[in-house]
Amino acid sequence: MRLAFILSEIGSGLRRNLSMVVSVILVTFVSLTFVGAAGMLQMQINQMKGYWYDKVQVAIFLCSDGSTAPGCASGPVTPEQQQGLNALLESPAVAQYINDFQFESKDEAYKHFKDQFSNSPIVDSVTPDQLPASFRINMKDPEKYQIISETFSSQPGVETVIDQRQLLERLFSVMNGASLVAVGIAGVMIVCAILLIATTIRLSAFSRRRETGIMRLVGASKTVIQLPFILEGVIAAVIGAALASGTLWAVAQFFLGDYMSRQYPDTAFISSGQTLILAPALLVLGGSLAGISSLLTLRRYLRV
Amino acid sequence: MIRFENVTKVYDQKARPALDAINLEIDRGEFAFLVGASGSGKSTFLRLVLKEDRATSGAVYVAGQNVAKISSWRVPRLRRGIGVVFQDFRLLPQKNVFANVAFAMQVIGKSRSVIRDTVPEVLKTVGLEGKEHRMPHELSGGEQQRVAIARAVVNRPGILLADEPTGNLDPTTSMGIMGVLDKINQNGTTVVMATHDDDIVNEMRKRVVELKNGVVIRDEARALYTSMIPVVGQSRRLKDASGRETPDAGLPGNAAEGEAQR
């Protein structure tokens, strides 16, 4: 009976305050979409890290004809130098850090280059001679790059040692920046949402002060008086959170899943299923924000 | 049922206290009028009984309990034992008569079947049978006040507080309301009624407690609105609803400016 009564009170409250409730729904929707977007960016970064860090290697480029690096003063790498590097890579001091390595000849490098830039006219102006041969090293622990770099940079015949991970780090830092911006916007929007919920609950409490006054007098408990108001805010915020979750799912499904993955087939995008992990978090966040701000408002504006 | 022990209530440190060291006891089943000018402390008295306010000093006992010692989450239980009626009825305009009375039972979690049985019974007690489905604006003032009384007593409180329940009503209707309150009192409910309505007090001949400036200046059983013992003060003329001017012995002191106009 009491539950039915509270539910009917909530219903009448939502109906009477419809425009404010809609605005609460929209503001929580937008703010939680930004929160979720930040979450999605982080998930995407992790996904790409997992995907790329397996493939990305440390490359030891060997001197070729045009090399100007100090180690290449004696001209292009000689077969003896190459043998020496191979032996060093196999020596226990270095081998303990690497999973495996391969030698990439100039011709192989040219083949990879052609694959990578197949859409670009630059392919036509590059010859195998211009590309350096290299050792491609798969590290056991990518963080130990420094050891390889120090060991090989000074070896004769080595032009430079490059950690490809650093190239990716730059991309990730851009994405991190974007997710920080999303979190910032979300923060401002959440403040908006909290203030709007507080105002809505205040209006609702004001428009029903007759009822609450009578409820007080006939001895209704604090819960029965306050719960309808709190739940009103919570329901509106949860609807907003559900809309935000739906939007994020749609972005992952249709934008990332259909459009982006066709544009960039070799990039691993997060699946729409993964965004559903965010949904409960958004629902809880929205609901608790509304609950807390309603409760604080009621303590000021609804005497029990 | 209600006991005030040396109760003082100060709203503003600079002004005189609203109630000044009041000692008063109202027994179970009693009917007491609380009379006095505006600002004499009648409303403060009622608010203290309801624990709407805290006494500055002294102790208020309601049904044997010191209200100051009731924790805030138990205040609703105290209030369930007290019905309240106001001058302005305070009905919910969008609910019909039945729903207005039922509201008081719904909010404390009474079951639907209990409500269906109890509400018509109470409406019969206050003389509103057959008007369950009227809306408040379709009722006369007297009928609206009967609905308010029904709502106040539907949960069978031990105490009924009435704050000028006849203040908006003509004398005939007022007497009808008094009949209802008397009937409720006969059923064992303690009734405390704050009023300015001298005709009613004189007619009912119940206990009268007169307050002035926060002090009890008279407490008589089966008394009249004004004291039998003449009090020095200016006399005034009261006008009743028929427009007939009736000479009045006058309230003691400089009582009730402007409140004679009803």
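What comes next is a walk through the structure. Remember, it's a predicted structure, so these values are computed and weren't measured experimentally.

1. Some points on the overall build of chain B
Along the backbone of chain B there are 7 helices and 12 strands. Counting only residues that meet the buried cut, chain B has 42% of its 262 residues in that class. Within chain B, residue pairs in contact and separated by at least 24 positions form 66% of the contacts whose partners lie at least 6 positions apart.

2. Some words on the overall build of chain A
Scanning chain A from terminus to terminus reveals 11 helices and 4 strands. Here the C-alpha atoms of chain A give a radius of gyration of 31 Å, more than 25% beyond the 19 Å that 2.2 N^0.38 yields for 304 residues. Taking the principal axes of its C-alpha atoms as reference, chain A extends roughly 100 × 40 × 30 Å. Across the 304 residues in chain A, those meeting the buried criterion constitute 35%. Look at the contacts in chain A between residues 6 or more apart in sequence, and 84% of them connect residues 24 or more apart.

3. Some words on the interface of chain B and chain A
On the chain A side, the residues contacting the 18 residues of chain B number 14 residues. Secondary-structure elements contributing two or more residues to the side of chain B that touches chain A are α2 (75-80) and α3 (97-106) of chain B.

4. Some remarks on the sheet that holds strand β1 (residues 2-9) of chain B
Residues and elements named next belong to chain B. One open sheet accounts for 4 strands, arranged β2-β1-β4-β5; its pairing is antiparallel. The sheet terminates laterally at β2 (19-26) and β5 (65-66), the two strands that pair on one side only. Looking at chain direction, strand β4 (residues 57-62) and β5 are connected through 2 bridges and run antiparallel. Across the sheet, Y61 pairs through a bridge with N66, a residue of β5.

5. Some thoughts on the nonpolar core
Residues B:L34, B:V101 and B:A150 are the most contacted members of the largest nonpolar core, which totals 77 residues. Residues in contact with B:L34, not counting those within four places in the same chain, are B:K42, B:F45, B:V192, B:M193, B:A194, B:V209 and B:L211. Counting residues in each nonpolar core, the second largest holds 42 residues, with A:L41, A:A186, A:V238 and A:L285 among its members.

6. Considerations on the packing of α3(B) against helix α5 (residues 141-153) of chain B
All names here are of chain B. Between α3 and α5, whose axes approach to 8 Å, the crossing angle comes to 30°. The pairing of α3 with α5 is recorded here as roughly parallel in orientation. Handedness of the crossing formed by α3 with α5: right-handed. Packed against α3, whose contacting residues are V97, N100, V101 and A104, the element α5 presents V147, A150 and R151 at the interface.

7. Re the sheet that holds strand β3 (residues 31-35) of chain B
All names here are of chain B. Taken together, 6 strands build an open sheet; the order of strands is β6-β7-β8-β3-β9-β10 and the sheet is mixed. Of all strands in the sheet, those with a lone pairing partner are β6 (82-86) and β10 (215-220), marking the two edges. Taking each pair of neighbouring strands and ignoring which way they run, the sheet shows an average axis angle of 15°. This element, helix α1 (residues 42-49), spans β3, β6, β7 (159-163), β8 (190-195) and β9 (207-212) of the sheet and lies at about 150° to β7.

8. Some details on the environment of B:V75
Residues and elements named next belong to chain B. Structurally, the position occupied by V75 is in helix α2. Residue class for V75 comes out partly exposed when judged on the 19 C-beta atoms lying within 10 Å of it. Ignoring sequence-local partners within four residues, the contact set of V75 consists of K51 and I70.

9. Remarks on unusual backbone geometry
Backbone geometry follows two general trends: most residues other than glycine have a negative phi, and most peptide bonds adopt the trans configuration. All names here are of chain B. Here A63, not a glycine, exhibits a phi torsion of approximately 50°, which is positive. Locating A63 in the fold gives a position in the loop between β4 and β5. On the basis of neighbour counts, which here come to 16 C-beta atoms within 10 Å, the residue A63 falls in the partly exposed class. Within the chain, R205 stands out as a residue other than glycine whose phi angle is a positive 55°. By the secondary structure assignment, R205 is in the loop between α7 (198-204) and β9. Among the residues examined, R205 registers 13 C-beta atoms within 10 Å and is labelled partly exposed.

10. What to know about the environment of B:G39
Along the chain, B:G39 falls in the loop between β3 and α1. C-alpha of B:G39 to C-alpha of B:R218: the two residues are 179 residues apart in sequence and 16 Å apart in space.

11. Describing the environment of A:V126
All names here are of chain A. For V126, the position within the fold is in the loop between α5 (106-116) and β3 (134-139). For the pair formed by V126 and K114, sequence separation is 12 residues and the distance between their alpha carbons is 9.1 Å. In contact with V126, not counting residues within four places along its chain, are F113 and L131.

12. Considerations on the pairing of β6(B)
Residue and element names in this part refer to chain B. For β6, the buried fraction is high: 4 of the 5 residues fall into the buried class. The pairing of β6 with β7 spans 5 bridges and is classified as parallel. Note on β7: the bridge partner recorded for F86 is D163.

Thresholds applied
Residues numbered from 1 in each chain as written. Chains lettered and ligands numbered in written order. Predicted model: local features only at pLDDT ≥ 70, side-chain atom pairs only at ≥ 80, totals over all residues. Helix = DSSP H or I, 4+ residues; strand = E, 2+ residues; numbered from the N terminus. Buried ≥ 20, exposed ≤ 12 C-beta atoms within 10 Å, placed from the backbone. Contact = placed C-beta atoms within 7 Å. Rg over C-alpha atoms; globule rule 2.2 N^0.38 Å. Pairing = 2+ DSSP bridges. Core = buried A, V, L, I, M, F, W, Y, C linked by C-beta atoms within 7 Å. Axes fitted to C-alpha atoms, helices over the stretch in contact; angles between N-to-C directions. Parallel < 35°, antiparallel > 145°, perpendicular 65-115°, else oblique. Left-handed = near helix turned anticlockwise from the far one by under 90°.

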